[in-house]
Amino acid sequence: GQQLNQSPQSMFIQEGEDVSMNCTSSSIFNTWLWYKQDPGEGPVLLIALYKAGELTSNGRLTAQFGITRKDSFLNISASIPSDVGIYFCAGPDRGSTLGRLYFGRGTQLTVWP
Amino acid sequence: DGGITQSPKYLFRKEGQNVTLSCEQNLNHDAMYWYRQDPGQGLRLIYYSQIVNDFQKGDIAEGYSVSREKKESFPLTVTSAQKNPTAFYLCASSIQGSDSPLHFGNGTRLTVT
C-alpha cells in the first residue's frame with residue numbers, strides 16, 4: 001500500500017500559538033484530506049484539497065496541496081484548548097475506483113492553557 | 001440527521017469468543033469500511049464494501065469477517081482467530097468514487113481479556 005509520512009508525531013504547545021504539520025507520500029496524490037479526531041470519537045473531515053497548489057482555509061485552519069502532489073500541509077493559527085486531538089492526513093488509492101483512503105499515523109496535538 | 005451509528009460504544013469479551021460490532025448508516029452511501037486504530041498506528045483498513053453482497057479484504061483482514069446484506073448495514077465480526085483483538089474499531093462510509101471523503105462513526109472500543 002501507499003505510505004503517508006506525517007510529522008511531527010506529537011506537539012505540545014501553549015494556547016495562542018500557531019501550529020504546523022505536514023504529510024508526504026512516496027507517490028503522487030490527486031486528493032489530500034485532513035481529518036481531526038477528538039478523544040474517543042471518530043475522525044471528522046476538516047479540509048479537502050483537490051488541486052496541486054490549492055490553498056484552502058476553514059476558520060483558523062489552512063491547508064495546502066503541494067505543487068509536487070506528494071505533500072500537504074496543515075496550519076492552525078492561534079490555537080485554543082479545543083484544538084486538542086489527533087490530526088490525520090489521508091489520500092485515496094489512485095489505482096482504485098473506490099474511495100479507499102490511506103492514512104498517515106497522525107499528529108497528536110496538546111494545547112496548554 | 002444523517003450519519004453513521006456504531007454500537008455499542010464499549011464492548012468486553014473473553015478470549016476465544018467471537019463478537020460482532022454493528023455499523024448502520026442512513027447517508028445512502030454505497031461504500032462502507034472498517035478500520036482498526038491502535039495507539040501510534042494510525043488507521044488500518046480491515047474490510048471494505050462497494051455494493052451490497054460484495055466486500056474485499058483490506059490490509060489486516062485476518063481474524064475478521066463481514067457481511068453486506070443491506071446497503072445501510074456493514075457488521076464486523078471479530079473471531080477468536082484474531083490474535084490481538086483489543087482495539088478501537090471505526091466504521092466509515094462514502095459515496096462511490098475515489099475522491100469521496102469518508103464519513104466516520106464514533107467507534108467501538110473492544111477489550112478482550
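Shown above is the structure to which this text applies.
Now for a quick tour of the structure.

Rules used throughout
- Residues numbered from 1 in each chain as written.
- Chains lettered and ligands numbered in written order.
- Predicted model: local features only at pLDDT ≥ 70, side-chain atom pairs only at ≥ 80, totals over all residues.
- Heavy atoms only, no water.
- Pairing = 2+ DSSP bridges.
- Helix = DSSP H or I, 4+ residues; strand = E, 2+ residues; numbered from the N terminus.
- Axes fitted to C-alpha atoms, helices over the stretch in contact; angles between N-to-C directions.
- Buried < 20%, exposed > 50% of the residue type's maximum accessible area, 1.4 Å probe, protein only.
- Contact = heavy atoms within 4.5 Å.
- Buried area = accessible area lost by both parts, 1.4 Å probe.
- Salt bridge = Lys/Arg side-chain N within 4 Å of Asp/Glu carboxyl O.
- Nonpolar A, V, L, I, M, F, W, Y, C, P; charged D, E, K, R; others polar.

## Description of the sheet that holds strand β1 (residues 4–7) of chain B
Residue and element names in this part refer to chain B. In space, the four strands of this open sheet follow the order β1-β3-β8-β7, with antiparallel pairing throughout. Strands with a single pairing partner mark the edges of an open sheet, and in this sheet they are β1 and β7 (64–66). With strand direction ignored, the average angle separating the axes of adjacent strands in the sheet is 20 degrees. Sheet topology places strand β3 (residues 19–25) next to strand β8 (residues 76–78); three bridges connect them, and they run antiparallel. When the sheet's bridge partners are listed, T20 is paired in β8 with T77.

## Thoughts on the environment of B:C91
Residues and elements named next belong to chain B. Here C91 shows up in strand β9 (residues 87–94). Since its relative accessible area comes to 0%, C91 is described here as buried. The sequence separation of C91 and N26 amounts to 65 residues, and the corresponding C-alpha distance is 13 Å. The residues contacting C91, other than those within four sequence positions of it, are I4, Q6, C23, M32, Y33, W34, H103, F104 and G105.

## Some remarks on the pairing of strand β11 (residues 107–112) of chain A
All names here are of chain A. As judged from the five bridges shared by strand β2 (residues 10–14) and β11, these two strands associate in the parallel manner. Its bridge partner being in β11, Q14 is matched across the sheet by W112. Alignment of strand β9 (residues 85–92) against β11, held across three bridges, turns out to be antiparallel. The residue bridging G85 from the neighbouring strand is L109, located in β11.

## Structural notes on the interface of chain A and chain B
Facing 23 residues of chain A, the contacting portion of chain B comprises 26 residues. Both faces considered, chain A and chain B share a buried interface measuring about 2,000 Å² in area, 53% of it formed by carbon and sulfur atoms. In this assembly, chain A and chain B are joined by zero salt bridges. Of all the elements in the fold, those that place two or more residues in the side of chain A that touches chain B are β4 (32–37), β9 and β10 (101–103) of chain A. Here the residues of the side of chain A that touches chain B are counted per class, giving twelve nonpolar, eight polar and three charged.

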